[in-house]
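Topology and contacts: notes
These are the residues of each chain, in order.
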Amino acid sequence: MQDPRPKATVASFLRIYVRWGSMNRRNIKSHFQFKFMILLLAFTASAFGHWVQAADDGSVPTATPGHIPVCAAAIAIDGLVDEKAWDGAWSMDLEYEVRPAENIPAPVRTQVLMMHSRTHLYVAFRAYDPEPGAIRAHLSDRDRAWNDDWVGVVLDTFNDERRNYLLVANPFGVQMDKIEAWPNGGSVWDGIWQSAGRITEWGWSAEMKIPFSTLRFQRTDGPQTWGFDAIRAYPRNVHRQMGAFVRDRNNNCYLCQAVKIEGFDGVSPGKNLEIVPTLTAAGYEERSDFPDGDFDVKEDDVEFGITARWGLTPNLTLAGTINPDFSQVEADAKQLDVNETFAIFFPEKRPFFMEGADFFETNMRAVYTRMIRDPSWGLKLTGKEGANTIGAYVVEDDTTNIIFPGSQSSDMTSLNMSNTSTVLRYERDIDNRFTIGALLTDREGGDYLNRVAGVDGDFRLSDKDRISAQALWSSTQYPDEVAEEFGQPEGDFDDLAVDLFYSHSTRTISFWGLYRDIGDDFRADLGFIPQVGYRLGEVGFDYTWIGEPGDWYSEMVLIAMVNSREDQDGNLLRNEAAVRFTYEGPLQSHAFIRPSRARERFGGQEFDLDQIFLHICLKPNRHSHAWLNVIIGDRIDYENVQAGERLNIDAGFWYKLGRHLKIEPHFTLEEMDVDAGRLYEARIGQLEASWQFNSRAFVRAIFQHVNYDFATDLYSDGRDPKYEHLFTQLLFSYKVNPQTVFFLGYSDNSIGDQDIHLTRVNRTVFAKIGYAWVF
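Residues numbered from 1 in each chain as written. Predicted model: local features only at pLDDT ≥ 70, side-chain atom pairs only at ≥ 80, totals over all residues. Heavy atoms only, no water.

**Some words on the sheet that holds strand β5 (residues 110-116)**
A sheet is described by the order of its strands in space; here 5 strands give the open sequence β2-β5-β6-β12-β11, paired in antiparallel fashion. A strand with exactly one partner marks an edge of an open sheet, and here the two such strands are β2 (90-93) and β11 (194-200). Ignoring strand direction, the axes of neighbouring strands in this sheet form an average angle of 15°. Bridge count for β11 against strand β12 (residues 203-211) is 7 bridges, and the pairing is antiparallel. Counted as the bridge partner of R198 is S205 from β12. (Pairing = 2+ DSSP bridges. Helix = DSSP H or I, 4+ residues; strand = E, 2+ residues; numbered from the N terminus. Axes fitted to C-alpha atoms, helices over the stretch in contact; angles between N-to-C directions.)

**Observations regarding the pattern of salt bridges**
A side chain with one charge may pair with a side chain of the opposite charge, provided their charged atoms come close. Within the structure shown, the criterion is met by 50 salt bridges. The residue D463 makes a salt bridge to R433 at a minimum N-O spacing of 3.7 Å. Within this pair, whereas D463 is found in the loop between β25 (448-460) and β26 (465-477), its partner R433 is found in the loop between β23 (419-430) and β24 (434-445), the two being separated by 30 residues in sequence. The class for D463 is partly exposed, based on a relative accessible area of 29%. A relative accessible area of 13% places R433 in the buried class. In this structure, a network of salt bridges that share partners links the residues E671, D673, R678, E681, R683, D709 and K722. (Salt bridge = Lys/Arg side-chain N within 4 Å of Asp/Glu carboxyl O. Buried < 20%, exposed > 50% of the residue type's maximum accessible area, 1.4 Å probe, protein only.)

**Digging into the state of the cysteines**
Within the structure shown, the criterion is met by 1 disulfide. Note that C253 is cross-linked by a disulfide to C256, the S-S spacing being 1.9 Å. Taking the torsion about the sulfur-sulfur bond, which here is approximately 75°, the covalent link between C253 and C256 counts as right-handed. (Disulfide = S-S within 2.5 Å.)

**Notes on the packing of aromatic side chains**
A complete count under the given rule lists 34 aromatic pairs for this structure. With a centroid separation of 5.3 Å and 70° between ring planes, the pair formed by F345 and F528 is classed as edge-to-face. With F345 in the loop between β18 (316-322) and α3 (351-354) and F528 in the loop between β28 (509-518) and β29 (534-546), this pair connects stretches of sequence that are 183 residues apart. Looking at F528, the relative accessible area reads 10%, which means it is buried. With a centroid separation of 6.1 Å and an interplanar angle of 75°, the aromatic rings of Y708 and F710 are classed as edge-to-face. Judged by relative accessible area, which is 6%, Y708 ranks as buried. A relative accessible area of 14% places F710 in the buried class. Aromatic rings pair up to connect F404, Y448, Y478, F486 and F493 into one cluster. Looking at K656, its charged tip hangs above the ring of W654, at a distance of 4.8 Å from the centre. (Phe/Tyr/Trp six-rings, centres within 6.5 Å; stacked < 30°, edge-to-face > 60°. Lys NZ or Arg CZ within 6 Å of the ring centre and 35° of its normal.)

**Some points on the environment of Y680**
Position of Y680 relative to the elements: it lies in strand β37 (residues 677-692). Once residues lying within four places of it in the same chain are set aside, the contact partners of Y680 are V338, N339, E670, E671, M672, D709, F710 and Y715. For Y680, the side chain forms a polar contact with the side chain of E670, separated by 2.5 Å. (Contact = heavy atoms within 4.5 Å. Polar contact = N/O pair within 3.5 Å; in protein donor to acceptor, adjacent residues only side chain to side chain.)

**Let's talk about the pairing of strand β14 (residues 239-243)**
For β14, the buried fraction is high: 4 of the 5 residues fall into the buried class. Looking at chain direction, strand β3 (residues 96-99) and β14 are connected through 3 bridges and run antiparallel. The residue of β14 that forms the bridge with R99 is Q241. When strand β13 (residues 224-235) meets β14, the two strands line up antiparallel, connected through 5 bridges. Counted as the bridge partner of A233 is Q241 from β14. Counting the residues in the hairpin turn of β13 and β14 gives 3 residues.

**Quick notes on the nonpolar core**
Residues M114, L121, V123, L155, W226, F228 and I261 are the most contacted members of the largest nonpolar core, which totals 52 residues. If one sorts the elements of this core by residue count, β13 sits on top with 6 residues. With residues near it in sequence (within four places) discarded, I261 still touches P65, G66, I68, W90, M114, Q224, T225, W226 and F228. Core analysis: the next-biggest nonpolar cluster, separate from the first, contains 26 residues, F359, L472, L526 and V532 among them. (Core = buried A, V, L, I, M, F, W, Y, C linked by side-chain atoms within 4.5 Å.)

Below you can see the structure in the form of C-alpha cells.
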C-alpha cells in the first residue's frame with residue numbers, strides 16, 4: 001500500500017503557496033523577502049520529501065542486473081551480426097510496446113545483444129519483421145533519420161538516474177545520438193562511434209561499436225552498474241515503440257525503472273585524447289555601390305584552427321579550441337519578424353557548444369551560447385565525480401552581442417569590442433530524488449560588465465510529484481554611450497529573478513503550477529531572457545486517454561490552463577485562458593486545436609484577444625510527411641498600438657524519392673488587418689532539396705525567399721512599402737564522423753524593394769577540412 005504522506009506533503013505545500021500568492025505584495029516588507037520566502041517554500045517541501053523517502057521500507061523489488069561479458073574475438077561492424085563471438089553476448093528481447101500502447105506484448109520480435117572489450121562496447125540488434133518490404137529506411141545525414149525504422153540503446157553510465165546517452169541507428173546504419181537529461185532536458189551530442197545496418201529477408205539488423213573514450217562513466221577499477229534500455233521504433237500506420245521493460249506512467253522517473261546491467265571491470269578509455277585540426281578557406285564579396293556597383297573582395301583568407309578534447313579521467317573532460325571555425329553550415333530556418341516585440345530564439349548548432357550543453361540547462365534560460373558570436377579561443381571542462389556534476393567554459397569573444405530586455409519589448413545591439421565570457425555550473429545529487437545546483441556567468445570587456453549568480457534545485461517528492469526552483473541575481477554595467485542610446489540604467493545596477501514550478505503527473509491526470517518573478521533591472525547577457533520586469537502565475541491540468549490496438553485513436557489529451565502576467569507595479573501585461581485538445585491516430589496523424597482568450601495591455605491600452613490555433617500533420621507512407629498550422633484571431637498592431645485581426649498559415653511537406661533524393665518545400669503566410677484596411681502581408685518560402693550519396697556524403701541546395709508588403713500610409717515610422725530577400729546555398733558535405741569532415745559550399749544574398757528588383761548584394765565561397773585524431 002502506498003504511503004499517503006507524499007500526498008499530504010504536496011497538499012500542505014500547495015495550501016501554503018496559494019495562501020501566500022493571494023497576499024497583496026504591498027504587505028510584504030521587501031522585494032527580496034518575498035522572493036526568499038518563495039524559495040524557502042521549495043526547500044521546505046523538499047525536506048518533507050526527503051523525510052518521506054527515508055521512511056520508505058524499500059520493499060519494491062528490483063530485477064537482477066544483467067552481466068555484460070567480455071567479447072571473445074574481434075567484431076567486424078558490417079551490420080550482419082554473424083560472428084561467432086555474438087553467441088556469447090548478453091541478450092534480451094524487447095517484449096513490450098511502450099508507446100502509444102501501454103506495456104502490451106510487442107507486435108514484432110526484437111533482440112538486443114551486448115558485450116565489451118577493454119576499449120569498446122559492442123551492441124547488436126536483430127529486428128524481425130513479417131513484412132520486410134514495409135521497412136522505412138532512407139539514406140540521410142547524421143541525426144536526420146528519426147522518421148525511419150530505428151533501434152537504439154540507452155546508457156545511464158553513472159547510474160544516477162538523471163542523464164543518459166541515446167545511440168541510434170537506422171537500417172542503413174545512419175547514426176543519431178543525443179544526451180537526455182530528465183525530466184525535460186538534454187542536448188545534441190555528436191559522439192564518434194561506428195554503426196552499420198542490413199535489411200534481410202527476415203527483417204533487418206544493426207551493429208554498433210562504441211569506444212569507451214567517447215563515453216563518460218564512473219571512475220573505478222572494479223565492476224560498474226549502469227542503467228540500460230533498448231528501444232525499437234516501428235513506424236507503420238501508427239508509430240510504435242518497443243522497450244526492454246515495463247514503463248510505469250504513474251512514475252515521473254524513467255531511468256529509475258531502467259534495466260540494470262553490470263560488468264565493465266577494467267574498461268579503459270585509452271589515452272582519451274582527441275585532436276581535430278581544421279583548415280577553413282572563405283572568399284566573401286560585396287557590392288561596393290548597391291545596386292549597380294561591382295563586387296569587391298571583402299574577405300579572402302585561409303585560417304588554421306585546432307580543437308582538442310582530453311579525458312582527464314573517464315568521467316571528466318577538458319576541451320580547448322584556438323581560432324575555431326564556428327561558422328554554421330546549417331542555415332537557420334527563417335522566422336517571421338514582423339510585428340514581434342521580443343528577440344527571436346535560434347537554436348545552437350556549433351559543435352563546441354552543443355557538447356555537454358545539458359550541463360548548463362536550468363529553469364530559466366540563463367545560458368544561451370549563441371550570444372557568443374565570434375570567439376578566438378575557448379576552454380571547457382565538463383564531467384561528473386560521484387554525486388557532483390561540473391561544467392565550465394571560458395571564451396574570448398571578439399564581438400559583444402547584447403539583448404536589452406523589457407516588460408513589453410526588447411532591443412539589441414552588437415558592439416565592436418571583445419569580451420571574456422565565463423560560465424561555471426555545479427550540481428549535487430542527493431540520493432536518486434533531489435538535485436541542488438549553482439550557476440555563475442561572467443562577461444566583461446572594456447567598460448562593460450554582466451554577472452549572474454544563482455542557486456537551483458530539482459526535488460522529486462514522490463513518483464508523481466516534483467518541484468523545481470531557481471533564484472538568480474545579476475549585476476550589470478553598460479558603457480555610458482550604450483546606456484544612453486538604449487535607455488538603460490547608468491552605472492552599476494542589479495536585480496533578482498525567481499522561478500518555481502510544481503507538477504503532479506500520473507498516467508491519465510496531471511496538473512502543474514508555475515510562479516516566476518523577474519525584476520526590472522535583471523540582465524542575463526549570456527542567456528536568453530528577453531522579457532524582464534514581470535510576475536507570472538500559471539496553473540493547468542491535462543487528462544490523457546490511451547487507445548487500444550485497433551482503436552480509431554492512439555492517444556488523446558485535453559489540456560486547460562490559465563495564467564496571469566503583470567509588471568512589477570502590479571499593472572496588467574497579459575492574462576490568458578486556453579484549452580487544447582490533441583489527437584494521435586492512424587497514418588501517424590497528429591492534430592490539435594487550441595482556442596484561447598486573453599487580455600493584454602500594451603502602450604497604455606488594453607485589448608481583448610480571441611484566437612484559435614489549429615495544427616495537423618501526418619505521415620501516410622514511408623516517403624512523405626505533411627503538416628499545416630493555422631492561427632486566426634485577434635492580434636495587437638504593436639507598432640501603431642491598435643487592434644487587428646491576424647491570419648497565419650504555416651504549411652509544408654517533405655517527400656523522399658527512393659533512398660537518395662529528398663525535397664522539402666515550406667511556406668509561411670501572415671496577413672494582418674486593422675480598421676483602416678490591410679496593414680501588412682508577409683510571405684516566407686523555402687525549398688530544400690538534397691541527394692544523399694551514402695550515409696557519409698550529400699549535396700544540398702536551399703532557397704529562402706522573404707517578401708513583406710506594408711501599407712505605409714497606416715504606419716508612422718516611414719518604412720518602405722516592400723521588402724524582399726532571397727538567400728541561396730549550395731553545399732557538398734562528406735563526414736567520416738562528426739569531426740572528420742569536408743565541406744564545400746556557395747551562398748549569396750539578394751535584396752529588393754519597391755524600386756529595385758531582387759539584386760544580389762553579396763556572395764561567399766567556403767571550404768572546410770577537419771580531421772579527428774583519436775588516441
